[in-house]
Amino acid sequence: MIVVTGATGNVGRELVSILAAAGEQVTAVSRQPAQFAEGVRHSQADLNDPTSLRSALEGADALFLLVAGDDPHGILKEAADVKRVVLLSSQGAGTRPEVYRHPALFERAVRESGLDFTILRPGGFDSNAYAWAESVRTRRTAAAPFGDVGLPTIDPADIAAVAAAVLRESGHSGRTYELTGPALVTPRERAAALGAALGEPVRFVEQTREEARAQMLQVMPEPVVEGTLAILGEPTAAEQSVSPDVQRVLGRAPRTFADWAARNLPAFR
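Rules and cut-offs
- Residues numbered from 1 in each chain as written.
- Predicted model: local features only at pLDDT ≥ 70, side-chain atom pairs only at ≥ 80, totals over all residues.
- Heavy atoms only, no water.
- Pairing = 2+ DSSP bridges.
- Helix = DSSP H or I, 4+ residues; strand = E, 2+ residues; numbered from the N terminus.
- Axes fitted to C-alpha atoms, helices over the stretch in contact; angles between N-to-C directions.
- Contact = heavy atoms within 4.5 Å.
- Parallel < 35°, antiparallel > 145°, perpendicular 65-115°, else oblique.
- Left-handed = near helix turned anticlockwise from the far one by under 90°.
- Expected span 1.5 Å × (residues − 1).
- Buried < 20%, exposed > 50% of the residue type's maximum accessible area, 1.4 Å probe, protein only.
- Polar contact = N/O pair within 3.5 Å; in protein donor to acceptor, adjacent residues only side chain to side chain.
- Phe/Tyr/Trp six-rings, centres within 6.5 Å; stacked < 30°, edge-to-face > 60°.

1. Topic: the sheet that holds strand E3 (residues 41-44)
Read across the sheet, seven strands follow the order E3-E2-E1-E4-E5-E6-E8 without closing on themselves; strand pairing throughout is parallel. Only two strands of the sheet have a single neighbouring strand rather than two, namely E3 and strand E8 (176-179). The mean angle between the axes of side-by-side strands here comes to 20°, regardless of whether they run parallel or antiparallel. Bridge count for strand E6 (residues 116-122) against E8 is four bridges, and the pairing is parallel. What sits directly across from leucine 120, in E8, is tyrosine 177. Docked against the sheet, helix H5 (residues 101-112) engages strand E4 (62-66), strand E5 (84-88), E6 and E8, running at close to 160° with respect to E6.

What follows is the structure, encoded as structure tokens:
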């Protein structure tokens, strides 16, 4: 049985669907009540309270772990009987650990746990474009800073596909996979791809760094905002590198942002 935490998120929900379709027994964990496909067991738990996971983890063989809560060692203690842990971390844990301390803390705990583990480090998500949904629907505009700086953002469905493969297959123990899309894409190009999918132009509006910072501070802590802006505006070579790891694990190239936009078009209509 495979336990999936964060099961209502962009990656988790897709992962639950992939695993269930493959015939796996799945327990989907979320803080709030949720509905899943027939045959998927749901367990309500909060990673801030590791003991709340006990029921979900009973009889589990593998755990997909989200970076959430402040006690990764407590979570892993509850998961001591599982055979495999797959951690969804962040690229920033490798490139900017002084800023992305939370995922770096979870990585360290997983490595020290004594469990069979694999770490997934995705860069930016294609689904971050949902932040444009309202402005694209109502005004056909998309605003972002650093309009011509490209990053190899990744489709969350590809992260889920990699996680499913790693959870179900052998040969991934102790590995850290860097997960990116197939090419560098700028914010301006992402807006254009949304316009192409809609059949109408989407006007790109370039924000100043301060405008973007003020917006981000509404939903993110200041250190993470500063780290995110640094990645968006002054990415390192590692942060702009296209990783081969999706291809290695899945045997196919990662999907493009245009693919993601076409599949998620209803959010922008």
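2. Quick word on the packing of helix H1 (residues 12-21) against helix H7 (residues 156-168)
Running from amino to carboxyl end, H1 crosses H7 at an angle of 45°, the nearest separation of the two axes being 8 Å. Here H1 is positioned oblique relative to H7, judged by the angle of their axes. Note that H1 runs across H7; the crossing there is right-handed. The segment H1 lies against H7, with Glu14, Leu15, Ile18 and Leu19 engaging Ala157, Ala160, Ala161, Ala163, Ala164, Leu167 and Arg168.

3. Thoughts on H5
Here H5 contains 12 residues, and its C-alpha end-to-end distance of 16 Å stays within 8% of the 16 Å for a straight helix at 1.5 Å per residue. For H5, the set of buried residues is Pro103, Ala104, Phe106, Glu107, Ala109 and Val110. Those residues of H5 that are buried are in contact with E4, helix H3 (72-78), E5, helix H4 (92-95) and E6. Backbone geometry just downstream of H5 places glycine 114 in the positive-phi region, at approximately 85°.

4. Focus: the pairing of strand E2 (residues 26-30)
Of all the five residues making up E2, five are buried; the element is thus mostly covered by neighbouring parts of the structure. Side chains Val26, Ala28 and Ser30 project from E2 onto one buried face, and the interleaved Thr27 and Val29 project onto a second face that is buried too. Two strands pair when backbone bridges link them, and strand E1 (residues 2-4) and E2 are joined in this way by three bridges, in the parallel orientation. What sits directly across from valine 3, in E2, is threonine 27. Pairing of E2 with E3, which is carried by four bridges, proceeds in the parallel orientation.

5. Examining the side chain of serine 135
Relative to the assigned elements, serine 135 resides in helix H6 (residues 133-139). A polar atom in the side chain of serine 135 sits 3.1 Å from the backbone oxygen of tryptophan 132.

6. Points about the environment of threonine 256
Within the secondary structure, threonine 256 is located in the loop between helix H12 (245-250) and helix H13 (257-263). Discounting chain neighbours no more than four positions away, the residues touching threonine 256 are Asp126 and Pro182.

7. Overview of the packing of aromatic side chains
Scanning the model with the defined rule gives four aromatic pairs in all. Arranged with centres 5.1 Å apart and planes meeting at 65°, the rings of tyrosine 130 and tryptophan 260 form a pair that is edge-to-face. Within this pair, whereas tyrosine 130 is found in the loop between E6 and H6, its partner tryptophan 260 is found in helix H13, the two being separated by 130 residues in sequence. A relative accessible area of 32% means that tyrosine 130 is categorised as partly exposed. Of the residues examined, tryptophan 260 reaches a relative accessible area of 2% and is grouped as buried. Ring plane angle 75° and centroid distance 6.0 Å describe the contact between tryptophan 260 and phenylalanine 268, whose orientation is recorded as edge-to-face. For the residue pair tryptophan 260 and phenylalanine 268, the accessibility class agrees, reading buried in each case. Here a set of aromatic residues connected by ring pairs shows up, and it is made of Tyr130, Phe257, Trp260 and Phe268.

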